[in-house]
Every structure is written in structure tokens, then in C-alpha cells.
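# A closer look at the structure
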Amino acid sequence: MKVIFLDRDGVINKEVGYLHKIEDFEFIDGVFDVCLNFQSSGYEIIVVTNQSGIERGYYSEEDFQLVTQWMLEQFKNHGIQILDVFFCPHGPESNCDCRKPKPGMFNQANDKYSIDMPNSWMVGDKEADIQAANSVGISNTILVKSGHNIDEKNSKSRFVFNSIKQVSTVL
Ligand SMILES: [Mg+2]
Ligand SMILES: [Zn+2]
């Protein structure tokens with residue numbers, strides 16, 4: 001299967017820093033349309049998200065799962081089926097293999113679903129998202145300038161867009 005991988009914070013929802021409450025979750029304008037367009041073009045949708053706030057003790061894994069269940073319901077209400085959500089609960093010091101830019105979450109997804117990486121896409125808002133995708137053979141990468149400062153000149157991303165609304169133009 002071919003997949004569009006989405007980072008969560010700064011791609012699906014507005015970056016607020018360690019988001020863990022539904023009332024703070026605000027969908028970024030255009031994300032539903034992008035998902036619908038990729039879905040109707042035969043892509044599955046998978047979320048891959050670093051959640052170091054769990055190991056840092058800012059919120060619990062249960063908090064994360066409650067937000068995730070709510071988020072998935074909102075997608076469903078828009079006719080969008082998210083195939084799966086992979087998350088890394090670790091902080092930068094734990095040296096796990098899943099925290100982006102490491103490829104662990106993509107490998108977990110591939111073990112579970114057997115993914116056509118060269119024909120898949122990654123949308124992120126940090127260079128770490130792009131690096132992680134590149135390291136598993138995804139060269140179709142999109143950096144959106146929605147949250148973090150982006151060093152566009154030194155980015156390895158294939159595309160850099162001002163808004164997620166532009167993502168569907170690659171189809
Ligand atoms: Mg992000
Ligand atoms: Zn991890």
C-alpha cells in the first residue's frame with residue numbers, strides 16, 4: 001500500500017507546545033481536504049508523532065490516547081479514515097529508535113502494513129520529519145511552514161509549502 005504519513009503537531013493541529021487537551025486542539029485549515037484528496041487517490045493515511053511530553057511527565061499516555069481518539073472521530077466525521085497512529089513517548093535523552101529523525105515509527109508501520117515507501121509521502125513541519133522519511137526511502141517529502149522556523153535553503157525536503165492547502169497540488 002501507498003501511504004501519506006502526517007506529522008501531528010504543526011501539520012494536523014496548530015502547534016501549541018505539548019498539546020494534551022482536546023480543548024487546545026485546533027485543526028489546521030485545509031488538512032481535511034488534503035486527506036480526502038489523498039484518500040480518493042488511493043493512499044492510506046498514517047500519523048507519526050513525537051510525544052516526548054509523556055516521558056517528560058507533562059502529560060500521560062492516557063491523555064495522549066484520549067486526544068487521539070477524539071481526533072480520529074473528527075476525521076471520521078469528515079469522511080476520513082486514518083489507518084493508524086504511531087507515537088514516540090520518549091525524550092531526546094532516552095536514545096530510542098522511534099523519535100524522529102530516527103525511523104522507528106516508519107519501520108513499525110512497515111512491519112504492520114508492508115508499505116510501498118518509494119510511492120509514499122511524508123508531510124512534516126520540522127526537518128526531523130523529513131530526515132526520518134528519507135531514511136526509510138521516502139523521497140516524496142513536504143515541509144509546511146506552519147509552526148517552526150524552517151531553514152528552507154538547507155532543507156532536504158522535496159517541497160516546501162507555506163500552507164498545507166498546497167499539499168494536494170503534488171497529486
Ligand atoms: Mg510537528
Ligand atoms: Zn521513542
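All of these numbers come straight from a predicted model, not from anything done at the bench.

## Digging into the packing of aromatic side chains
The geometry of an aromatic ring pair is captured by the separation of the ring centres together with the interplanar angle, meaning the angle of the planes. Scanning the model with the defined rule gives twelve aromatic pairs in all. Ring geometry for Phe5 and Phe106: centres 4.8 Å apart, planes at 55°, overall tilted. Taken together, the residues Phe5 in strand 1 (residues 3–6) and Phe106 in helix 3 (residues 104–113) connect sequence positions 101 residues apart. According to the relative accessible area criterion, Phe5 is buried, its value standing at 0%. Look at Phe106 and you get buried, because its relative accessible area is 0%. One aromatic cluster is present, formed by Phe25, Phe27, Phe32, Trp70 and Phe75 through successive ring pairs. Here Lys2 stacks its cationic end above the ring of Tyr43, 4.4 Å away from the centre of that ring.

## A look at the sheet that holds strand 4 (residues 121–124)
Across the sheet, six strands lie side by side as 3-2-1-4-5-6; this open sheet has parallel pairing. In the strand order of this sheet, the two ends are held by strand 3 (84–88) and strand 6 (159–161), each with one partner. Strand-to-strand twist in this sheet, taken as the mean axis angle between neighbours without regard to direction, amounts to 20°. Where helix 1 (residues 31–40) meets the sheet, it contacts strand 1, strand 2 (44–50) and strand 4, and its direction lies at approximately 160° from that of strand 1.

Conventions used here
Residues numbered from 1 in each chain as written. Chains lettered and ligands numbered in written order. Predicted model: local features only at pLDDT ≥ 70, side-chain atom pairs only at ≥ 80, totals over all residues. Heavy atoms only, no water. Phe/Tyr/Trp six-rings, centres within 6.5 Å; stacked < 30°, edge-to-face > 60°. Helix = DSSP H or I, 4+ residues; strand = E, 2+ residues; numbered from the N terminus. Buried < 20%, exposed > 50% of the residue type's maximum accessible area, 1.4 Å probe, protein only. Lys NZ or Arg CZ within 6 Å of the ring centre and 35° of its normal. Pairing = 2+ DSSP bridges. Axes fitted to C-alpha atoms, helices over the stretch in contact; angles between N-to-C directions. Contact = heavy atoms within 4.5 Å.

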